[in-house]
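Examination of the molecular architecture
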Protein chains: 2
Amino acid sequence: MKNLNGEIITNTVEFKDFKNYDGKEVTICGYIHRIREMTGFAFVIVRTARDLIQCVYAPEFSEYRLDEKLCEEACVKVLGKVVSSKDAKGNDRYELQIHDIKILSLPADNLPIVINKKQLDNIALSTVLDLRPISMRNPKERAIFKIQEGIQRGFREFLSSQGFTEIRSPKINFAGAEGGTNVFKLDYFGKQVYLAQSPQLYKQALVGVFERVFEIAPVFRAEHHDTSRHLNEYTSMDFEMGFIESFEDIMNMETGALKYIMNLLKTEYANEVEILKADIPEINEIPSIKFMDAKKLLVEKFKYKPSDMKDFDPQEEELLGKWAKKELNSDFLFVTHYPSKKRPFYTMDDPEDPEYTLSFDLLFRGLEITSGGQRVHDYKAQVEKMEKLGMNPAEFETYLLLHKYGAPPHGGLGIGLERLTMHLLGFKNVRNATMFPRDINRVTP
Amino acid sequence: MKNLNGEIITNTVEFKDFKNYDGKEVTICGYIHRIREMTGFAFVIVRTARDLIQCVYAPEFSEYRLDEKLCEEACVKVLGKVVSSKDAKGNDRYELQIHDIKILSLPADNLPIVINKKQLDNIALSTVLDLRPISMRNPKERAIFKIQEGIQRGFREFLSSQGFTEIRSPKINFAGAEGGTNVFKLDYFGKQVYLAQSPQLYKQALVGVFERVFEIAPVFRAEHHDTSRHLNEYTSMDFEMGFIESFEDIMNMETGALKYIMNLLKTEYANEVEILKADIPEINEIPSIKFMDAKKLLVEKFKYKPSDMKDFDPQEEELLGKWAKKELNSDFLFVTHYPSKKRPFYTMDDPEDPEYTLSFDLLFRGLEITSGGQRVHDYKAQVEKMEKLGMNPAEFETYLLLHKYGAPPHGGLGIGLERLTMHLLGFKNVRNATMFPRDINRVTP
C-alpha cells in the first residue's frame, strides 16, 4: 500500500532555466534529435518538450561512451554540466557538457523522412500529413501547433476574465442548426441524427442562463468541395453574450480578445514565433466599414466589378485587406451590415434598413476569419422571420424556448481556429495548420 | 466608418463588488427572477450572470411605477442605490433601492415550470431535461454547470502549469481506438468511418511531439445499455505524459490535479458550492491498493464473494469506497495492477508478474472515475502483444508509427467529466450533471 501526495518532484531542468544552473550539473530528458560527430568530440542535440538543447560529448569529460547504439529518435536521460558562453551578438548561450547518458528506449527503424533540419524540406504535404505523428517532431511543424494552443488559450483566458462561462454543447444533434444542408447523417439506435455544424442554438439558449458563454469544440460540415481553406471537421471558437447595447459590443469584445491573443503569442510563445518567423499583428484599433460602402469602394478604388451584390468573393476580400493595410494601417477590417438575404434566420435585421442586418464579418489580411452579429431575441419577431423564410417554427420548438420565455438582446460570433492559425502563420493551405485534417479525401491518420 | 478599440467598458456592477458601492447609485442588468409584493413596497429579485440580487421597490424612492407589465423572466436594466445592513449573524448584506427600471425585453408566455424557488421541486428529470434551456435558469441547476466548468478549468490550469500542451484530436476516425465494438458508424462521402471513442491513439502519438499533452473533448460510445451512470456522448478529460519513471508518476499527477481542482472549487466557486451544499473533499494523500489485495480485503472484511476475479462490480467498488473512508479517512482510493486480460492492448504488463498490468483505476467515494496506466512503448513488444490478442498489427500502422520511430516510457488516463460532477455533487444519475444528455432514448434538446 502506497500513498500519492500529488507533489510533483521534477528531477529535470528546462532549457529556459539553464541560466540559473550555470556551471552546475543537471539532468534533461528528451529525444536524440541529431548527432554531429566532429574530430575528437560530438554535438548531440536533444529535443525536449519545447526546445532543442545542444549537448557536447567528449571523451575527456563524458563517462558515457558514444557508439552506434545511440541513434536519432532514441529517448534518453542526459546528465551533464551547464556551460555558458557568448554568441556573436554578445548574448548568453548555454550548452550541456555530457557526463552520462541513459538510454530509455530505442526506435525500431530509421525515420522515413528527415525531421531534424530547420524545416521539412521538399516533402509533399500529403506525406507530411500521412506521417503526422513523425513529421510533427520537426521543431517548425511542432511550433505551428504550440501557436494554435496559444490562440485558443488566449481566447479562453480573455473571455473568462470578462465573465464568460465555458460550455460544452452536444455534437450529436437531432436537427441541423442552420437548416439542414451539408450535415453528416448518423444512425443513432435507429433514429437519424446529425453531427453538429455549429453550437449556435445551444450557445443562444445558454445566454438565458449564464449571460455570457463560450465554447471551443469540433464542428462538422459535410461540404463536398475540396479547397485549400475548408475542412470537414474543424475547431470552432464561439462566444455569445447577452445584454448588449449594440452589435458593436460583440465586435469590441472580439477586438479585445484578439489583442489579448496576439500579446500572449508575443510573450509566452516568443520561442515558437521566432522559429516560425511569424508576423504577429499589432492591434490598436480595428476599423469597420459597411458592406455597401465596401462594395462601392471596390468599384471606385480598384475598378472591381462585383459579380454578387449579396456577398464578397475571395478576390474582393483580398482587395479590401490590402486597402485596410495601406490606407488604415490595419491587418484587420470589420465589414458590417451584410444583406439580410445572405445571413441565417436568427440574424437581426437593421431596424433602420431591414434589407441589411446587424451582422459583421472580420477580415484578417484579406481573409474572412469570423462571422457574427446580433440575434433576434423577440419571440414574435423570430417566428415571423422563420415563416417569411419558409421555415416551420414548430420544428424549432426547443430553440424557441429561449425567445418564448425571455431573452435579452444578444449576439455572438464564431472563429475557425485552424483557418486563423493558417493565415497568421502565412500558410496557403489550412491543412498545414491542422494536426489531423479531415477532408473529402482524407480521414487518416 | 467606426473603429473598435477592444477596451471593454462595463456600466454595470457585479454583486460581489457592491461592498465598494455602499450608498452609491449603480446599474445592474438581468432577468426578473421573482417579484414579491408587500404592503406599500415590493421585493424584486434580479437574476444576473451568477447571483440573485434583492432589489426593493417603493413609490417613495422609485421613479419607475411597478405595474403588471414587469413580469418574471423580463430582461431589465435596473438603476438603484446600494444599501447595506446586517443580517442575523452580523454579516453585511446588500440590496438595491430601485430608482428606475428599463425593460429590455419581455417573454411571450408564462413559464411552464416554476424555476424561482431554491430548487426545482417535484419536477420529473425527463421534464427538467426536455426544458433544459429554461430549467437551467434555476440557480441550483445553474450552479451544477458552473461547478462543472470549475472542474475542467482546474484540470487544464494544473496540467498547463506542469508543461502539458493542449491538443485537439479528430472526432471522425477511420478505425475505432479500442478495437471496434460500441462505435457509432458514419457514412463519410462513401467511406465508413467512426466517431471517436477516445483520443487514446492520438494522445500517445503526440507524446512523441510535446512530451506531455491533454485534451478535454467529447467522446462517443454506442453502448446499448441505459443506466444511470452511462451516456452515449460525454466529455473526456484525458492526459498522457512521457518520460515517466514509473506508472505511479501518472497517479501522482492526477492526485495533484484533483487537489488543485478541489481547492479551486472551494475558493473561486464558493458561491455555487454553497448553493449546492456540495461536500468538496479534502485531499492530502490518496492511498493505493493492489487489485488482488483489494479482492482479498473484500472477502476478509466484508465476506463479499467475488463473482468476477478480473474486475470489480459496482457493489465491490462501493465497499472499497466505504473501507477507504473509514479506515484511511480518504474519499479517494487508487486500485492498481488490474489483470492483464481486462485491460486494453496498449497497457503495459507488470514485468514482475505479467498476469497483471501497470494500470490503475481511481475510485471516488466508491465509484470509478478514472482508468489509466503505463502504455507499451517498445515496438516489438507492442506488435507481439497485439498478435497474442489476435489483432492484426498491419491495421494499426499509423498508431505504431510512434513505437516504430521511438517512444519514451509513457502513460496517461481519462476522467469522465459528467460522472465526476455527478458524484461530487451527490447525484445518483449522470443526467443531472449533463447539460444536454444523449442516451439511447434521448437526442433532444
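All values derive from a computational prediction rather than experimental measurement. Think of each chain on its own: its residues are numbered from 1, step by step along the sequence as written. Each chain takes a letter, starting from A, and each ligand takes a number, starting from 1, following the order in which they are written. Local features are withheld for residues below a pLDDT of 70 in this predicted model, meaning they are given only at 70 or higher, and side-chain atom pairs are given and counted only at 80 or more; totals for whole chains, interfaces and linings count all residues.

Description of the overall build of chain A
The numbering of helices and of strands both runs from the N terminus, where a helix is a DSSP run of H or I of at least 4 residues and a strand a run of E of at least 2. When helices and strands are tallied, chain A shows eleven helices and 19 strands. The principal-axis extent of the C-alpha atoms belonging to chain A is close to 85 × 65 × 40 Å. Residue burial in chain A is summarised as follows: out of 445 residues, 48% are buried. Partitioning the intrachain contacts of chain A with sequence separation of at least 6 by distance along the chain shows that 62% fall at a separation of at least 24. Buried residues are those with 20 or more other C-beta atoms within 10 Å of their own C-beta, exposed residues have 12 or fewer, and partly exposed residues lie in between; C-beta atoms are placed from the backbone. Here contacts are defined at the residue level, using C-beta atoms placed from the backbone and a cut-off of 7 Å between them.

Section: the packing of helix H3 (residues 139-161) of chain A against helix H5 (residues 248-268) of chain A
All names here are of chain A. To obtain an axis, a line is fitted to C-alpha atoms, over the contacting stretch when the element is a helix, and the angle between two such axes runs from 0 to 180 degrees between their N-to-C directions. Orientation of H3 relative to H5, taken along the N-to-C sense of each, is 135 degrees, at an axis distance of 8 Å. Between H3 and H5, the angle falls in the class oblique. The two elements H3 and H5 cross, and the hand of that crossing is right-handed. Along its contact with H3, which presents Ile147, Gly150, Ile151, Arg153, Gly154, Phe155, Glu157, Phe158 and Leu159, the element H5 presents Gly256, Ala257, Tyr260, Ile261, Leu264, Leu265 and Glu268. In the scheme used here, Gly and all other residues not listed as nonpolar or charged are polar, with Ala, Val, Leu, Ile, Met, Phe, Trp, Tyr, Cys and Pro taken as nonpolar and Asp, Glu, Lys and Arg as charged. Considered class by class, the residues forming the contact of H3 with H5 number ten nonpolar, three polar and three charged. Convention used here: angles under 35 degrees read as roughly parallel, angles over 145 as roughly antiparallel, angles from 65 to 115 as roughly perpendicular, and any remaining angle as oblique. By definition, any crossing whose near helix is turned counterclockwise from its far helix by less than a right angle is left-handed, and any crossing with a clockwise turn is right-handed.

Some points on the environment of B:Ile134
Within the secondary structure layout, B:Ile134 lies in helix H2 (residues 132-135). Distance in space between the C-alpha atoms of B:Ile134 and B:Ile113 is 8.4 Å, their sequence separation being 21 residues. Once residues within four sequence positions are removed from consideration, B:Ile134 is found in contact with A:Leu401, A:Tyr405, B:Leu111, B:Ile113 and B:Ile115.

Considering the relation of the copies chain A and chain B
Copy-to-copy superposition: least squares on the C-alpha atoms, limited to residues that have pLDDT of at least 70 in both copies. Here chain A sits on chain B after a turn of 180 degrees about the axis and a move of 0.0 Å along it, with an RMSD of 0.0 Å. Each copy turns onto its partner about a two-fold axis. Among all residues of chain A, the minimum C-alpha distance to the rotation axis is found for A:Leu186, at 2.7 Å.

Describing the sheet that holds strand S12 (residues 233-242) of chain B
On the basis of which strands lie adjacent, the open sheet formed by nine strands has the order S1(A)-S13(B)-S14(B)-S17(B)-S18(B)-S19(B)-S12(B)-S11(B)-S7(B) and mixed pairing. Strands with a single pairing partner mark the edges of an open sheet, and in this sheet they are strand S1 (2-4) of chain A together with strand S7 (165-166) of chain B. Where strand S18 (residues 367-374) of chain B lies against strand S19 (residues 410-416) of chain B, five bridges are found, and the strand directions are antiparallel. Paired with B:Gly372 across the two strands is B:Leu413, which belongs to S19(B). Here, a strand pair is defined by DSSP locating no fewer than two bridges between the strands.

A word on helix H3 (residues 139-161) of chain B
By this rule the span expected of a helix is its residue count minus one, scaled by 1.5 Å. The first and last C-alpha atoms of H3(B) sit 32 Å apart over 23 residues, in line with the 33 Å expected at 1.5 Å per residue. When you tally the buried positions in H3(B), you get 18 out of 23 residues, the bulk of the element.

Focus on the sheet that holds strand S6 (residues 92-105) of chain A
Residue and element names in this part refer to chain A. Strand order in the closed barrel made by the five strands is S2-S3-S4-S6-S5, with mixed pairing throughout. Across this sheet, the average inter-strand angle for adjacent strands is 55 degrees, counted without regard to direction. In the sheet, strand S5 (residues 75-86) pairs with S6 via twelve bridges, with the strands oriented antiparallel. In the strand pairing of S6, Val82 is matched with Leu96.

Thoughts on the environment of A:Pro409
You can see A:Pro409 is positioned in the loop between helix H10 (397-404) and strand S19 (410-416). Given 23 C-beta atoms within a 10 Å radius, A:Pro409 is considered buried. Taking the C-alpha atoms as reference points, A:Pro409 and A:Asn432, separated by 23 residues in sequence, lie 39 Å from one another. Setting aside anything within four residues of it in sequence, one finds A:Pro409 in contact with A:Phe243, A:Ile244, A:His377, B:Leu104 and B:Ser105.

Considerations on the packing of helix H4 (residues 200-210) of chain B against helix H10 (residues 397-404) of chain B
Residues and elements named next belong to chain B. For the pair H4 and H10, interaxial distance at closest approach is 9 Å and the crossing angle is 30 degrees. Between H4 and H10, the angle falls in the class roughly parallel. For the pair H4 and H10, the sense of crossing is left-handed. Only Tyr399, Leu401 and Leu402 of H10 make contact with H4, whose side of the interface consists of Leu201, Gln204, Ala205 and Gly208. Counted by class, the contact of H4 with H10 contains five nonpolar, two polar and no charged residues.

Some details on the interface of chain A and chain B
How big an interface is tends to be stated in terms of the accessible area lost upon association of its parts. Contacts between chain A and chain B engage 90 residues on the former and 89 residues on the latter. Top contributing element to the side of chain A that touches chain B by residue count: H5(A), with seven residues. Its residues assigned to classes, the side of chain A that touches chain B shows 49 nonpolar, 20 polar and 21 charged. Two elements, strand S13 (residues 286-290) of chain A and strand S1 (residues 2-4) of chain B, share three bridges in a ladder whose sense is antiparallel. The residue bridging A:Pro287 from the neighbouring strand is B:Asn3, located in S1(B).

Concerning the domain arrangement of chain A
Under the domain assignment used here, chain A contains domain 1 (15-105) and domain 2 (139-433). Boundaries between domains were set according to an automatic or database domain assignment. Here domain 1 of chain A and domain 2 of chain A have C-alpha centroids that lie 46 Å from each other.

Here we look at the environment of A:Leu96
Residues and elements named next belong to chain A. Among the structural elements, Leu96 can be located in strand S6. With 216 residues separating them in the primary sequence, Leu96 and Phe312 have C-alpha atoms 55 Å apart. Apart from residues lying up to four places away in sequence, Leu96 is in contact with Ile28, Ile53, Cys55, Val56, Val78, Gly80, Lys81 and Val82.

Describing the pairing of strand S12 (residues 233-242) of chain A
Residues and elements named next belong to chain A. Within S12, ten of the ten residues are buried, which leaves the element mostly enclosed by the surrounding structure. Residues Glu233, Thr235, Met237, Phe239 and Met241 point to one face of S12 and Tyr234, Ser236, Asp238, Glu240 and Gly242 to the other, with burial holding for every one of them. The sheet contact formed by strand S11 (residues 212-220) and S12 spans nine bridges and is antiparallel. The partner of Ile216 across the bridge, within S12, is Met237. Looking at chain direction, S12 and S19 are connected through seven bridges and run antiparallel. Directly across from Ser236, in S19, lies its bridge partner Gly416.

Some details on the pairing of strand S16 (residues 353-357) of chain B
Residues and elements named next belong to chain B. The pairing of strand S15 (residues 349-350) with S16 spans two bridges and is antiparallel. Each residue of the ladder has a partner; that of Asp349, found in S16, is Thr357. Connecting S15 to the next strand, S16, in antiparallel fashion are two residues.

A word on unusual backbone geometry
Residues and elements named next belong to chain A. Residues Thr444 and Pro445 are joined by a peptide bond in cis, for which omega reads -10 degrees. Tracing the backbone shows Pro445 in the segment after helix H11 (417-424). Despite not being glycine, Glu73 has its phi angle at roughly 70 degrees, a positive value. A positive phi angle, close to 60 degrees, is found at His337, a residue other than glycine. Here His337 is to be found in the loop between strand S14 (332-336) and strand S15 (349-350). Judged by local crowding, His337 falls into the buried class, with 23 C-beta atoms found within 10 Å.

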